[in-house]
Amino acid sequence: MVSIFPEFAPLKVKYKDVFDLKEFYEGFWEWLKEQGWKDWENDLDTFERFYGERVSQGGVKELWIRWRPYKVPEPYASMEEPPLRYYFDIDFHVLGLTSAEIIKDGKKIKADKGEIEVTIRAYIEKNYEAKFEEHGLLRHVIDIFSLRIYKKTLEDRRRELYREAYVLQTFIKQWFKLKTHLPYEETESFFPSKAWPSHR
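Residues numbered from 1 in each chain as written. Predicted model: local features only at pLDDT ≥ 70, side-chain atom pairs only at ≥ 80, totals over all residues. Heavy atoms only, no water.

**Q** So what's going on with the pattern of salt bridges? Which residues, and what values?
**A** Going through the model one piece at a time under the given rule, you end up with 16 salt bridges. Two residues, Lys-14 and Glu-115, come together in a salt bridge whose shortest N-O distance is 3.7 Å. In this pair, Lys-14 is assigned in strand E1 (residues 11–19) and Glu-115 in strand E7 (residues 107–126), connecting sequence segments 101 residues apart. One network of salt bridges, with partners in common, ties together Arg-68, Asp-89, Asp-91 and Arg-121. (Salt bridge = Lys/Arg side-chain N within 4 Å of Asp/Glu carboxyl O. Helix = DSSP H or I, 4+ residues; strand = E, 2+ residues; numbered from the N terminus.)

**Q** Explain helix H1 (residues 21–34) residue by residue, including any values.
**A** For H1, which comprises 14 residues, the first-to-last C-alpha distance of 20 Å matches the rise-based estimate of 20 Å (1.5 Å per residue) to within 8%. Regarding H1, the residues found buried are Leu-21, Phe-24, Gly-27, Phe-28, Trp-31 and Leu-32. Down the axis of H1, the buried set is contained in an arc of 135°. They therefore lie on one face. Opposite the buried face of H1, at more than 90 degrees from it, the exposed residues are Lys-22 and Glu-34. Of the surrounding elements, those touching the buried residues of H1 are E1, strand E4 (61–67), strand E5 (69–71), strand E6 (84–104), E7 and helix H4 (151–175). The opening residue of H1, the one whose side-chain oxygen lies 3.2 Å from the backbone nitrogen of Lys-22, is Asp-20. One or two steps after H1, the chain reaches Gly-36, where phi turns positive at roughly 90°. (Expected span 1.5 Å × (residues − 1). Buried < 20%, exposed > 50% of the residue type's maximum accessible area, 1.4 Å probe, protein only. Arc of directions from axis to C-beta. Contact = heavy atoms within 4.5 Å. Polar contact = N/O pair within 3.5 Å; in protein donor to acceptor, adjacent residues only side chain to side chain.)

**Q** Give a detailed account of the packing of H1 against H4, specifying residues and quantitative values.
**A** The contact between H1 and H4 brings their axes to 11 Å, and the two run at 150°. Classified by the interaxial angle, the pair formed by H1 and H4 is roughly antiparallel. Taken as a pair, H1 and H4 cross one another with a handedness that is right-handed. Of the residues in H4, those in contact with Glu-23, Phe-24, Gly-27, Phe-28, Trp-31 and Leu-32 of H1 are Val-167, Leu-168, Phe-171, Ile-172 and Trp-175. When grouped by side-chain class, the residues that make up the contact of H1 with H4 number 9 nonpolar, 1 polar and 1 charged. (Axes fitted to C-alpha atoms, helices over the stretch in contact; angles between N-to-C directions. Parallel < 35°, antiparallel > 145°, perpendicular 65-115°, else oblique. Left-handed = near helix turned anticlockwise from the far one by under 90°. Nonpolar A, V, L, I, M, F, W, Y, C, P; charged D, E, K, R; others polar.)

**Q** Account for the pairing of E6, naming residues and giving values.
**A** As paired strands, E4 and E6 are joined by 6 bridges and run antiparallel to one another. Looking at E6, one finds that Leu-63 is bridged to Val-94. For E5 and E6, the ladder comprises 2 bridges, and the chain directions are antiparallel. Each bridged residue has a counterpart across the sheet, and for Tyr-70 the counterpart in E6 is Tyr-87. Alignment of E6 against E7, held across 19 bridges, turns out to be antiparallel. Within E7, the residue paired with Asp-89 across the bridge is Arg-121. (Pairing = 2+ DSSP bridges.)

Okay, here's the thing in structure tokens:
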């Protein structure tokens, strides 16, 4: 069962300036695939559960996008029915999106201008609980098993998921050329940034 509460507080990245939304969307999608995340409904790499768009006067857009990827932790990757799975709820909210043109290295570039906020919530699905529930005797010891016997494993997996979420947040921040607070930082991303913040 997936917990209805995230494992830790949601992580957010907010950016307001000139960027290429399509390039960000595709780069983010490719990065998740590269990290082993899959779609939880069809085991493919679509991720997207919802796309909503509202266009107001003058063609200004507001977008809502929801992605729901999952990943099997490394120790259980080869198992057909892993006892634990990681889930991300990734929500994009884009405000005031308009077309823009900028001059970069003497060339005119078509881009987007607006504000984007990406929210990441992380969950752990405890598949072993369903197996315990099916068993007449074991259903009475689920809590004891989780809180005592399996406690260290759950804490290790929670820490690993926490790191995964922060690495994802760092990827987003680097793409938008925002300051990161992790010691880990890629010198040059495989997915080049198409953000042109005015603070640089």
